[in-house]
Amino acid sequence: METIQISESVLETFATAILEKLDVPLEVAKLAARSMLDASLMGIDTHGIEVLGMYVTHLEKGGLKAKSEPILVKKKGSVELWDMHHGFGLASARKLMFHAINQAHKHGICLVTCRNTNHIGACGIYGKIAADEGLIGIVSQQTLASLPPWGGKERRVGASPFAFVAPVKDSFPFYFDASMGAVTRGQIKAYMRAGKKLPEGVALDSDGNPTTDPKEAWHGQIMPIGKYKGIGLAMVFEILQCVLSGNIFSLDIPSIIDNPERSADTSLFMIVIDPEAILPHDDFPKRMKSYIDYIESSPARDSENSPCYPGRREGENWLNRRKNGIPVKREVFDRFNQIAQSLGIEGMPR
């Protein structure tokens, strides 16, 4: 598939201009563009700048309320309930993370749960904001129901993407970000666009039969990672996201791709931990570096794939793409120019 290398700064300026043209306040537009770029820089393209068009449609159809701001509903100590009021998740989640970091510096830890959210992209990009300040960031967002409960034949549970990000001295953070589904809906959509079949065993059709057809999987169900263990973890995260925040359950959450006139109506939780509440200054990142070295010292099973910690590949992508640009698929590049033309602004330069 043909790709075009485009610099981070060009993409950021373009995305910000597109969002501003859709009446998104400048600060919000910049934060949202930054969230997409952070995902792209790490190679998480299904949640990066490639999905700008999805947010454009969501804004145009009215499901995304770009001028809504998250509001604090209730707090006790450093445990807080927020309401995003259907605002721009890519920006509001960054604001909530900035706030949680501030609270963690004061109290040692902060837990935020938030209802009525919109799509926030890759959960790990917000955890990385904490890790870049020497803190541990944990983030998970509720998603529409796509997994059947163990032993069930109908979807009831969201895939509950979960991220744990921690600082590593002189290295890219430990970066674990995974859905509890064997495949994400973003990946299913990518398979659809590419005209490819899904791997065996990752999805069921609407009747509960195994399928490799991404179109059938889109309207069907996703299988969990680790069988009943994956479902159990997805439920744990939903308890912290939607049960604790008072949000709707996952079966009632719409697809913003199929129904862009509606808010995603999801929820999220964030936990930020300040290691200095326990260890001396800078000791935790140093210990993390020792731990990573210890993990990667394991003898490789084959010379082509040496052991690496979660975050190693994301860090390599980050350095490479900042230097050489972000690869954008030709069809996505053309879509960007179509959007620009429809909004009456300059197209994407090569």
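As shown above, the structure is provided for reference.
Here's a quick rundown of the structure. (Residues numbered from 1 in each chain as written. Predicted model: local features only at pLDDT ≥ 70, side-chain atom pairs only at ≥ 80, totals over all residues. Heavy atoms only, no water.)

Within helix α5 (residues 124-131), eight of the eight residues are buried, leaving the element largely enclosed by the surrounding structure. Buried within α5 are the following residues: Gly 124, Ile 125, Tyr 126, Gly 127, Lys 128, Ile 129, Ala 130 and Ala 131. (Buried < 20%, exposed > 50% of the residue type's maximum accessible area, 1.4 Å probe, protein only. Helix = DSSP H or I, 4+ residues; strand = E, 2+ residues; numbered from the N terminus.)

It is at 10 Å that the axes of helix α3 (residues 52-61) and helix α11 (residues 330-343) come closest, and there the two elements cross at 30°. On the basis of the axis angle, α3 is roughly parallel to α11. Seen along the crossing, α3 lies across α11 with a hand that is left-handed. Side by side, α3 and α11 meet where Leu 52, Gly 53, Val 56, Thr 57 and Glu 60 of the first sit next to Arg 335, Phe 336, Ile 339 and Leu 343 of the second. For the contact of α3 with α11, the class distribution of residues is five nonpolar, two polar and two charged. (Axes fitted to C-alpha atoms, helices over the stretch in contact; angles between N-to-C directions. Parallel < 35°, antiparallel > 145°, perpendicular 65-115°, else oblique. Left-handed = near helix turned anticlockwise from the far one by under 90°. Contact = heavy atoms within 4.5 Å. Nonpolar A, V, L, I, M, F, W, Y, C, P; charged D, E, K, R; others polar.)

The subject of this paragraph is the sheet that holds strand β9 (residues 171-178). The sheet built from seven strands is open, its strands ordered β2-β3-β4-β12-β5-β8-β9 with mixed pairing. The open sheet has two edge strands with one neighbour each: β2 (71-76) and β9. Neighbour to neighbour, the strand axes of the sheet diverge by 15° on average, direction disregarded. Where strand β3 (residues 79-83) meets strand β4 (residues 109-117), five bridges bridge the pair, whose relative direction is parallel. Within β4, the residue paired with Glu 80 across the bridge is Val 112. With respect to the sheet, helix α9 (residues 283-296) is in contact with β5 (136-141), β8 (162-168) and β9, its orientation differing from that of β8 by roughly 105°. (Pairing = 2+ DSSP bridges.)

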